[in-house]
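Read off the chains here:
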Amino acid sequence: MKPLRRFLDNLHPLFDKRGKLEKLYPLYEAVDTFLYTPGTVTQGTAHVRDGLDLKRTMITVVAALVPCIGMAFWNTGYQANVAMQAMGISAAAGWRGDVMGLLGVGYDPASLVANLVHGALYFLPIFLVCNIVGGLWELLFSVVRKHEINEGFLVTGMLFPLVLPPTIPLWQAALGISFGVVIGKEVFGGTGRNFLNPALTARAFLYFAYPAQISGDSVWTAVDGFSGATPLGALAVAGVERGMEAIHVTWSQAFLGTIQGSMGETSAVACLLGALVLTATGIGSWRIMVSMFLGALGFASLLYFTGSSTNAMFLMPPHWHLVTGGFAFGMVFMATDPVSASMTSTGKWFYGALIGVLTILIRVINPAFPEGVMLAILFGNVLAPLIDYFVIQANIKRRLARNEA
């Protein structure tokens, strides 16, 4: 690694003040600090709480996402291979079919390699487009504002592809990440100053701007002409006569994630593994996760036992809500965003419970939005400052009352 260190040190004068590439210093600094610990040290009195800086925080979140990324590769390919087998299709269309033929891995749904490779050919292009386009926006704002590129985009660039269907057009993925980075974060000052989750902001934009490419029955499996609903989508359009019979998968399949849906959010198991990493390292708030879980479970139980003679969504048992859609993924990775979530310990309980209740409310009461998690978390983001305000004011009143007593 020493030759690489010397190479970067030799380039430094070009990007430093009065260097030929001074305006591109944020790009040089981003590469240098990604590979090595920053060389600058604090000159004055430092107040160090721990050794966990922003870079380590974001890398830890990405590490927690590894199980979901693995499922995005495998399940995307698995669903496509199963559909191709059912439809009698022998090879994928376009350049993906050429690559699969060149590698000779086949399309057997029972083959781990075939599923991983086929899924990678859908996930990786979306991932690259999101990170390249989003990274260019980050670089542009860093150059204009003359500050470093924040590592926060490392997580946004990983989260956003995981919540997209494999069939999303690449230009829409680029447009979505642009909206999320620029409107959801940079216009408010960048990482640490945004009040909305950028990845969810990007997905919400695509959901309302291009609903045909991010919802419905034909976008979740990467095979032309194949149509298959997610469990929530199937139940939303089913009558109360059919009820849960409209769902074509078992609870265990939904728990493991071998179902149709967005590429990286189908597996509750993968999300739970990520939750262990985030809670063990103290990066993800266990209070938010637990309160969101309890809020959703409690409100889903209330509606389930209340019942309905016209709305089939009332018939979904509470434990099904926890493993369908993006509930587990949103609970672990989206709702716990330390920037847009509630900051106070007490506020986190109210914040998480609010999101859990809103998720079920949107899913069940308004079948036009059978998912619910995305909108619920964005509503929670908007209300998080207000929740913290009331918590702090309550603390102040209690302290004043103690002093006056």
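For the structure, see preceding data.
Residues numbered from 1 in each chain as written. Predicted model: local features only at pLDDT ≥ 70, side-chain atom pairs only at ≥ 80, totals over all residues. Heavy atoms only, no water.

Trainee: Summarise the overall build of the chain; cite the residues concerned and give the values.
Mentor: For the chain, the helix and strand inventory stands at 16 helices and 0 strands. The globule rule puts the C-alpha radius of gyration for 405 residues at 22 Å, and the 23 Å found for the chain is close to it. The principal-axis extents of the C-alpha atoms in the chain amount to approximately 75 × 70 × 35 Å. The buried share of the chain, taken over its 405 residues, is 49%. In the chain, the share of contacts with a sequence separation of at least 24, taken over all contacts with a separation of at least 6, comes to 73%. Summed over its atoms, the accessible surface of the chain is roughly 19600 Å², and 66% of this surface lies on carbon and sulfur atoms. For the chain, the distance from the average position of its 24 positive side-chain charges to the average position of its 22 negative side-chain charges is 10 Å. (Helix = DSSP H or I, 4+ residues; strand = E, 2+ residues; numbered from the N terminus. Rg over C-alpha atoms; globule rule 2.2 N^0.38 Å. Buried < 20%, exposed > 50% of the residue type's maximum accessible area, 1.4 Å probe, protein only. Contact = heavy atoms within 4.5 Å. Areas by Shrake-Rupley, 256 points an atom, 1.4 Å probe, with all protein chains shown as cover. Lys, Arg positive; Asp, Glu negative; His and termini not counted. Charge placed at Lys NZ, Arg CZ, Asp CG, Glu CD.)

Trainee: Give a description of the pattern of salt bridges that names residues and reports values.
Mentor: Counted according to the given criterion, the structure contains 3 salt bridges. Notably, a salt bridge pairs Glu 186 with Arg 145, separated by 2.7 Å at the nearest N-O pair. Taken together, the residues Glu 186 in the loop between α7 (170-182) and α8 (198-209) and Arg 145 in helix α5 (residues 112-145) connect sequence positions 41 residues apart. Among the residues examined, Arg 145 registers a relative accessible area of 33% and is labelled partly exposed. Of the charged contacts in the structure, one is a salt bridge between Glu 371 and Arg 363, with a shortest N-O distance of 3.6 Å. We classify Arg 363 as buried; its relative accessible area is 0%. (Salt bridge = Lys/Arg side-chain N within 4 Å of Asp/Glu carboxyl O.)

Trainee: I'd like to hear about the packing of aromatic side chains, residue by residue, with values.
Mentor: Following the criterion strictly, the structure yields 13 aromatic pairs and no others. For the ring pair Trp 251 and Phe 255, a centre distance of 5.2 Å and an interplane angle of 5° mean the geometry is stacked. Of this pair, Trp 251 and Phe 255 both sit in helix α10 (residues 251-256), separated by 4 residues, roughly a single helical turn. With a centroid separation of 5.6 Å and 85° between ring planes, the pair formed by Trp 286 and Trp 349 is classed as edge-to-face. Of this pair, Trp 286 sits in helix α12 (residues 286-306) while Trp 349 sits in helix α15 (residues 345-365), placing them 63 residues apart in sequence. Taking the relative accessible area as the measure of exposure, Trp 286 reaches 43% and is therefore partly exposed. By relative accessible area, which is 34% here, Trp 349 ends up partly exposed. Each member of the aromatic cluster is reached from another via a ring pair, and the members are Phe 73, Phe 123 and Phe 127. It is Arg 96 that lies over the ring of Tyr 122; its NZ or CZ is 3.9 Å from the centre. (Phe/Tyr/Trp six-rings, centres within 6.5 Å; stacked < 30°, edge-to-face > 60°. Lys NZ or Arg CZ within 6 Å of the ring centre and 35° of its normal.)

Trainee: Kindly report on the environment of Pro 13, identifying the contributing residues and their values.
Mentor: With respect to the helices, strands and loops of the structure, Pro 13 is situated in helix α1 (residues 2-15). Residues Pro 13 and Phe 314 lie 301 residues apart in sequence; the distance between their C-alpha atoms is 65 Å.

Trainee: Can you tell me about the nonpolar core, naming the residues and giving the values?
Mentor: The biggest cluster of nonpolar side chains holds 87 residues, and the ones touching the most others in it are Leu 65, Phe 160, Leu 162, Phe 329 and Phe 333. Per-element tally for this core: the top contributor is helix α3 (residues 54-87), with 11 residues. If we ignore the near neighbours within four places in the chain, the residues touching Phe 160 are Cys 130, Ala 173, Gly 176, Ile 177, Ala 199, Ala 202, Arg 203 and Leu 206. By size, the runner-up hydrophobic cluster in this structure holds 11 residues, among which are Ala 92, Tyr 107, Leu 121 and Ala 222. (Core = buried A, V, L, I, M, F, W, Y, C linked by side-chain atoms within 4.5 Å.)

Trainee: So, empty space enclosed by the protein: which residues are in play, and what are the values?
Mentor: Tallying each qualifying case throughout the model produces 3 cavities of 30 Å³ or more. In this structure, the largest cavity encloses a volume near 90 Å³. Considering the residues around the largest cavity, the lining is formed by Val 163, Leu 200, Arg 203, Glu 265, Gly 326, Phe 329, Gly 330, Met 334, Glu 371, Val 373, Met 374 and Ile 377. Mapped onto the lining of the largest cavity, the elements with two or more residues apiece are α8, α14 (327-334) and α16 (373-404). Taken together, the residues that form the lining of the largest cavity break down as 7 nonpolar, 2 polar and 3 charged. (1 Å grid on protein atoms, 1.4 Å probe; cavity = no way out; pocket = protein on both sides within 12 Å on 5 of 7 lines; lining within 4 Å. Points joined across faces, edges and corners; volume = space filled by probe spheres on them. Nonpolar A, V, L, I, M, F, W, Y, C, P; charged D, E, K, R; others polar.)

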